[in-house]
Amino acid sequence: MKKQTLYRYIHFTHALLILILLLSGAILFIPELRILLIEGRWQIRQFHIAVGIFYSLFLLAAIPLVFPYFKKHRSWRKTFHLCLMVFLGLLWTVTGIYLWINPAGYFTLRQLSITVHDAISLFIIPWILIHIGLWIYSKYQPKQPRVVERDRGWLISRRDVLFLFGGTTIAMLLGGLTKWFQPISASFLASIEEVKRRGYFRIYSVSSETPVFDPATWRLRVDGLVQTPLELTFDELMQLPKHSYIQDFHCVTGWSVTGVKWDGIPLSELVKQAGVQPEGMYVKMYSSDQIYTETYEWSQLVGRDVIIAYQIDDKPLLESQGAPVRLFHPQMYGYKSIKWLERIEFTNRRDLGYWQEKEGYSLNGYLS
Ligand SMILES: Nc1nc2c(c(=O)[nH]1)N[C@H]1C(S)=C(S)[C@@H](COP(=O)(O)O)O[C@H]1N2
Ligand SMILES: [Mo]
């Protein structure tokens, strides 16, 4: 293959991969799209990761081919672009891999990785637009005999400096603007303000079907190694003493909702009625989605703040939020907050929960 054609292929594949990554990334990033695509979100994340891995490998494979080209056609602009791409690509890859393999890593590190990952993506968008703009512009320029740019080695002129700094500044400014650009509508803006102030529940579900709450048939079961197994209707559950407080919610993947008001029934109230047998050291909870489970040490759940939550911010749980009840443990990550809770089993063995099995999340899930 002719060298020139090869470079064209590399350039094209590069553009295509970035575009796919940006599009799938945007779906994961923009809250409104996230809500629209609740169901496919997990698959989109997997897809995004897969393309990301392919993209990194592609970059790695392309570098030995591309460097000689840049050596031959050395110009400051090209070198700068190449270095920029390699640098951003590296940061992108490193943070992406961190987010991918460390779903339960240190909270601050994850938050940092997400911020850097998003920032690079936002920076890239204007860069691409300028890139395309210049390309189209050059297409429409009357054909001139190509002037070979004189290789000035590592000498830079004032024009180069202006170009580099000006270009970078513009790209960064535009990148910053895209971050805040949203379709204008009063309620939309208000909701964005709210989201910015305190975060937003991202509504996760590993199942594609949302369990439907029917008060007539719904029961909460407490069984296993207990003295008296229980089967409570929603009304019976609501007769028990309630407990309310304000507490932040943290997902281990880096997002939080601050200042959430929680209303619920302390788990200890149920246990008062059921009574735990001495061997009942562990607790396994089941969701009516039939997929999600979580496990705990019984000693981790005795505090009054560990509740079976039925209201968030004074409103009954939405169906997608786990209606009618979900667990909430103020010292643990969101994944411990099992939604559509329907069964609490006391056992003498510690099982793995859904995410421990799938992605090796920490068993105890304490906020770090
Ligand atoms: N049944 C069930 N419960 C679940 C999940 C789930 O997928 N299914 N996701 C968990 C995770 S990882 C988080 S961060 C929170 C998210 O709560 P939200 O969907 O209300 O935003 O729910 C947790 N409880
Ligand atoms: Mo989570």
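About the thresholds
- Residues numbered from 1 in each chain as written.
- Chains lettered and ligands numbered in written order.
- Predicted model: local features only at pLDDT ≥ 70, side-chain atom pairs only at ≥ 80, totals over all residues.
- Heavy atoms only, no water.
- Helix = DSSP H or I, 4+ residues; strand = E, 2+ residues; numbered from the N terminus.
- Buried < 20%, exposed > 50% of the residue type's maximum accessible area, 1.4 Å probe, protein only.
- Contact = heavy atoms within 4.5 Å.
- pLDDT = per-residue confidence, 0-100.
- Near = heavy atom within 4 Å.
- Polar contact = N/O pair within 3.5 Å; in protein donor to acceptor, adjacent residues only side chain to side chain.
- Areas by Shrake-Rupley, 256 points an atom, 1.4 Å probe, with all protein chains shown as cover.
- Nonpolar A, V, L, I, M, F, W, Y, C, P; charged D, E, K, R; others polar.
- Phe/Tyr/Trp six-rings, centres within 6.5 Å; stacked < 30°, edge-to-face > 60°.
- Lys NZ or Arg CZ within 6 Å of the ring centre and 35° of its normal.
- Salt bridge = Lys/Arg side-chain N within 4 Å of Asp/Glu carboxyl O.
- Pairing = 2+ DSSP bridges.
- Axes fitted to C-alpha atoms, helices over the stretch in contact; angles between N-to-C directions.

As a further point, take the overall build of the chain. Helix and strand content of the chain: 10 helices and 10 strands. Counting only residues that meet the buried cut, the chain has 43% of its 368 residues in that class. A sequence separation of at least 24 residues applies to 70% of the contacts in the chain between residues at least 6 apart.

Next up on the list: the confidence of the model for the chain. Residues of the chain with pLDDT of at least 70 account for 79%, and the chain-wide mean is 82. Considering each helix and strand of the chain separately, the mean pLDDT is smallest for helix H2 (residues 31–36), with a value of 60, and largest for strand S9 (residues 326–328), with 98.

A few words now on the site of ligand 1. Taken together, the neighbourhood of ligand 1 is formed by 20 residues, with Ile-203, Tyr-204, Arg-326, Ser-337 and Lys-339 sitting nearest. One of the backbone N or O atoms of Ser-337 is found 2.9 Å from a nitrogen atom in ligand 1. Its free accessible area being 530 Å², ligand 1 has 99% of it covered by the protein chains. Among the residues forming the shell around ligand 1, the class breakdown is 12 nonpolar, four polar and four charged.

According to the stated counting rule, one finds 18 aromatic pairs in the structure shown. A ring pair is formed by Phe-213 and Trp-218, whose centres lie 6.0 Å apart and whose planes are at 90°; its orientation type is edge-to-face. Residue Phe-213 is classed as partly exposed on the basis of its relative accessible area, which comes to 24%. Through a chain of ring-to-ring contacts, three or more aromatic side chains come together here, namely Phe-201, Tyr-204, Tyr-245, Phe-249, Trp-255, Trp-262 and Phe-328. Between the NZ or CZ atom of Lys-336 and the centre of the ring of Tyr-296, over which it lies, the distance is 4.7 Å. The cationic tip of Arg-343 hangs over the ring face of Tyr-286; the distance from NZ or CZ to the ring centre is 4.6 Å.

All right, on to unusual backbone geometry then. Cis geometry marks the peptide bond from Ala-323 to Pro-324; its omega dihedral reads 5°. Looking at the element boundaries, Pro-324 is found in the loop between strand S8 (315–316) and S9. One non-glycine residue, Trp-340, adopts positive backbone phi at about 55°. Structurally, the position occupied by Trp-340 is in the loop between S9 and strand S10 (341–347).

Once that is clear, we can look at the environment of Asp-305. Within the fold, Asp-305 resides in the loop between strand S6 (293–297) and strand S7 (307–312). Residues Asp-305 and Tyr-245, 60 residues apart in the sequence, show an inter-C-alpha distance of 8.2 Å. Contact partners of Asp-305, with chain neighbours within four places excluded, come to His-243, Tyr-245, Phe-328 and Pro-330. A distance of 2.8 Å separates polar atoms of two side chains, one belonging to Asp-305 and the other to His-243.

Considering all chains together, one arrives at 11 salt bridges under this definition. Across the pair Asp-223 and Arg-343 runs a salt bridge, and its minimum N-O distance is 3.0 Å. With Asp-223 in strand S1 (residues 220–224) and Arg-343 in strand S10, the pair connects residues that are 120 residues apart, well separated along the chain. No difference in accessibility class separates Asp-223 from Arg-343, as the two residues are buried. Among the ionic pairs, Asp-263 bridges to Lys-261, the shortest N-O distance being 3.7 Å. Three or more residues are tied together by salt bridges with common partners; here these are Arg-221, Asp-223, Arg-343 and Glu-345.

In a beta sheet, neighbouring strands pair by backbone hydrogen bonds and run either parallel or antiparallel. In spatial order, the strands read S2-S1-S10-S5-S6; together these five strands make up an open sheet with mixed pairing. The open sheet terminates on both sides in strands that have one partner only, identified here as strand S2 (230–232) and S6. Neighbour-to-neighbour, the strand axes of the sheet open up by a mean angle of 15°, direction not taken into account. Relative to S10, strand S5 (residues 282–287) runs antiparallel, the two sharing six bridges. Its bridge partner being in S10, Tyr-282 is matched across the sheet by Thr-347. Taken strand by strand, helix H9 (residues 267–274) contacts S1, S2, S5 and S10, and its axis lies near 130° from that of S2.

What follows deals with H9. Taken together, the buried positions of H9 are Leu-267, Glu-269, Leu-270, Val-271 and Ala-274. In the segment just after H9, Gly-275 is the residue with positive phi, at about 70°.

Sheet analysis places S1 next to S2, joined by three bridges and oriented antiparallel. Bridge pairing links Leu-220 to Leu-232 in S2. The hairpin formed by S1 and S2 contains five residues between the paired strands. Inspection of the sheet shows S1 paired to S10 by four bridges, in the parallel sense. By the bridge assignment for S10, Asp-223 is matched with Glu-345.

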